[in-house]
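This is what each chain is made of:
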Amino acid sequence: MTKKVMILPGDGIGPEIVEQAMAVLEAASGKLNLGLRFERGLIGGASIDTHGEPLTDAALEAAGECDAVLLGAVGGPQWDTLAREIRPEKGLLKIRSGLGLYANLRPAILYPQLADASSLKPEVVSGLDILIVRELTGGIYFGEPRGIRTLENGERQGFNTYVYSESEIERIARSAFEAAQKRNGKLCSVDKANVLEVTVLWREVLDRLAPEYPDVALSHMYVDNAAMQLVRAPKQFDVMVTGNMFGDILSDAAAMLTGSIGMLPSASLNESGFGLYEPCHGSAPDIAGQGIANPLATILSAAMMLRYSLDMSEAAVAIEAAVRKVLDQGLRTADIHTEGCQKVSTAEMGAAVVSAL
Ligand code: IPM
Ligand code: MG
């Protein structure tokens, strides 16, 4: 049976890293007879340049008709002066919300080979394996009303609305409890319940559900403390669950514990397990086109796609093992390079993973 994957390379380093991930997927597909087929679409600045908007309804629909979506990254300085509504980032937000991808899983794993690349001491991060579960289609990112208005005194005022309904909290909480059940049974919910009512409700819902998951130990932490604990003693965490904006911030912090944000994959899933897979890093316009970006986050995202949406875990395991093997061989892109290792380009890293497969 063939499975269709929508490829959305996007902007900046997106096309370069996605090309390598596709080469890895094609190699895995050939070797394990997966029958993967690819379609290509436009998102972000690439779509703005062609269609005048960051994601067309047709592209959204085409993505939804595939079995999974693999995305590079969006955005770049050439589109920063456009009106807010048609910026590249809006394309990303539109596909997340349009496909109902509320559960964003961001695993932060320290590969032992990269312990020296982390800005933290090796003993603080060695063995690190945490999963951030970020709510992705609600919260302050999507709350209405929002905008910039002019007050009676002529001064302008920016405003956003931080809202979560109980059902939105409950479904992301269940994703997190279930993830914790499959891991080490520890779930830390991150909120700001000492100040924000919306997260008082968040905490209440988590507490209400906890008895249904007796094998999971639930704890709560304020977001400021969580940021501190992530850099002080990150190994205390197993699964963390939080809202859209806190998750955005904490996942970047967690990324750097692992040596480079260039290593972090992500999965964004809807109720039926359909998913969009993308690296956690952005489009890095400053290094785009130079062939030095790290393709591993995208390659690892492709592995997550095989596991979560395409029911091909054997291939996922093979790709993850291939990534470990190239790290063992001492191959490093610039972002994870340390002394004594061999510096390689984007394409060389991709090719090494393909041959390790
Ligand atoms: C991310 C990114 C996006 C976000 C941006 C590009 C809109 O930072 O995926 O973490 O804020 O969600
Ligand atoms: Mg982010």
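Look above for the structure.
Presented here is a report on the structure given in the accompanying data block. Note that the structure is a prediction, hence the values are computed from the model and not measured.

Check the secondary structure of the protein and you find 12 helices and 14 strands. Taken over the C-alpha trace, the protein has a radius of gyration of 20 Å; the compact-globule value for 357 residues is 21 Å, and the two agree within 12%. With respect to the principal axes defined by its C-alpha atoms, the protein has extents near 60 × 50 × 45 Å. Relative to its full complement of 357 residues, the protein shows a buried share of 54%. If you take every contact in the protein between residues at least 6 apart in sequence, the share linking residues at least 24 apart comes to 74%. Treating the 31 positive side-chain charges of the protein as one cloud and the 45 negative ones as another, the clouds have centres 3 Å apart.

As a further point, take the environment of A173. Considering the arrangement of structural elements, one finds A173 in helix α6 (residues 166-182). The exposure class of A173 is buried, given its relative accessible area of 0%. As a C-alpha pair, A173 and L206 span 33 residues in sequence and 6.4 Å in three-dimensional space.

Right, let's get into helix α1 (residues 14-32). Compared with the 27 Å implied by 1.5 Å per residue over 19 residues, the 26 Å span of α1 between its first and last C-alpha is a close match. Considered for burial, the residues of α1 that qualify are G14, E16, I17, V18, Q20, A21, M22, V24, L25, A28 and S29. The positive-phi residue at the C-terminal boundary of α1 is N33, with phi of around 55°.

So, about the pattern of salt bridges. As enumerated under the stated definition, the model contains 14 salt bridges in all. A salt bridge links R183 to D129; the shortest N-O distance between them is 3.2 Å. Pair noted here: R183 is in the loop between α6 and β8 (186-191) and D129 is in strand β5 (residues 129-135), with a separation of 54 residues, a long-range link. R183 gets classed as partly exposed once you look at its relative accessible area, which sits at 26%. For D129, a relative accessible area of 37% puts it in the partly exposed group. Two residues, R183 and D238, come together in a salt bridge whose shortest N-O distance is 2.9 Å. Taken as a pair, R183 in the loop between α6 and β8 and D238 in the loop between α8 (223-232) and β10 (239-242) lie far apart in primary sequence, 55 residues in all. Through salt bridges with shared partners, one network takes in E166, E170, R174, R208 and E212.

Our next topic: the packing of α1 against helix α12 (residues 346-356). Between α1 and α12, the shortest axis-to-axis distance is 9 Å and the interhelical angle comes to 15°. Taken together, the axis directions place α1 and α12 in an arrangement best described as roughly parallel. Considering only the axes of α1 and α12, their crossing is right-handed. The residues of α12 that touch α1, namely those facing E16, I17, Q20, A23, V24 and A27, are T346, A347, G350, A351, V353 and V354. Here the residues of the contact of α1 with α12 are counted per class, giving eight nonpolar, three polar and one charged.

Within the structure, ligand 1 sits among E89, L92, R96, R106, R134, Y141 and D248. Residue R96 places a side-chain N or O atom 2.7 Å away from an oxygen atom belonging to ligand 1. Within the side chain of Y141, one N or O atom sits 2.5 Å away from an oxygen atom of ligand 1. A total of 320 Å² of accessible area belongs to ligand 1 in isolation, and the protein chains cover 77% of it. At three residues, helix α4 (residues 88-98) tops the list of elements feeding residues into the shell around ligand 1. Of the residues contributing to the shell around ligand 1, the split by class is two nonpolar, no polar and five charged. Looking at the shell around ligand 1, you find at least three residues from each of domain 1 (1-110 + 260-357) and domain 2 (129-257).

Each value, and the rule that gives it
Residues numbered from 1 in each chain as written. Chains lettered and ligands numbered in written order. Predicted model: local features only at pLDDT ≥ 70, side-chain atom pairs only at ≥ 80, totals over all residues. Heavy atoms only, no water. Helix = DSSP H or I, 4+ residues; strand = E, 2+ residues; numbered from the N terminus. Rg over C-alpha atoms; globule rule 2.2 N^0.38 Å. Buried < 20%, exposed > 50% of the residue type's maximum accessible area, 1.4 Å probe, protein only. Contact = heavy atoms within 4.5 Å. Lys, Arg positive; Asp, Glu negative; His and termini not counted. Charge placed at Lys NZ, Arg CZ, Asp CG, Glu CD. Expected span 1.5 Å × (residues − 1). Salt bridge = Lys/Arg side-chain N within 4 Å of Asp/Glu carboxyl O. Axes fitted to C-alpha atoms, helices over the stretch in contact; angles between N-to-C directions. Parallel < 35°, antiparallel > 145°, perpendicular 65-115°, else oblique. Left-handed = near helix turned anticlockwise from the far one by under 90°. Nonpolar A, V, L, I, M, F, W, Y, C, P; charged D, E, K, R; others polar. Near = heavy atom within 4 Å. Polar contact = N/O pair within 3.5 Å; in protein donor to acceptor, adjacent residues only side chain to side chain. Areas by Shrake-Rupley, 256 points an atom, 1.4 Å probe, with all protein chains shown as cover. Domains from an automatic or database assignment.

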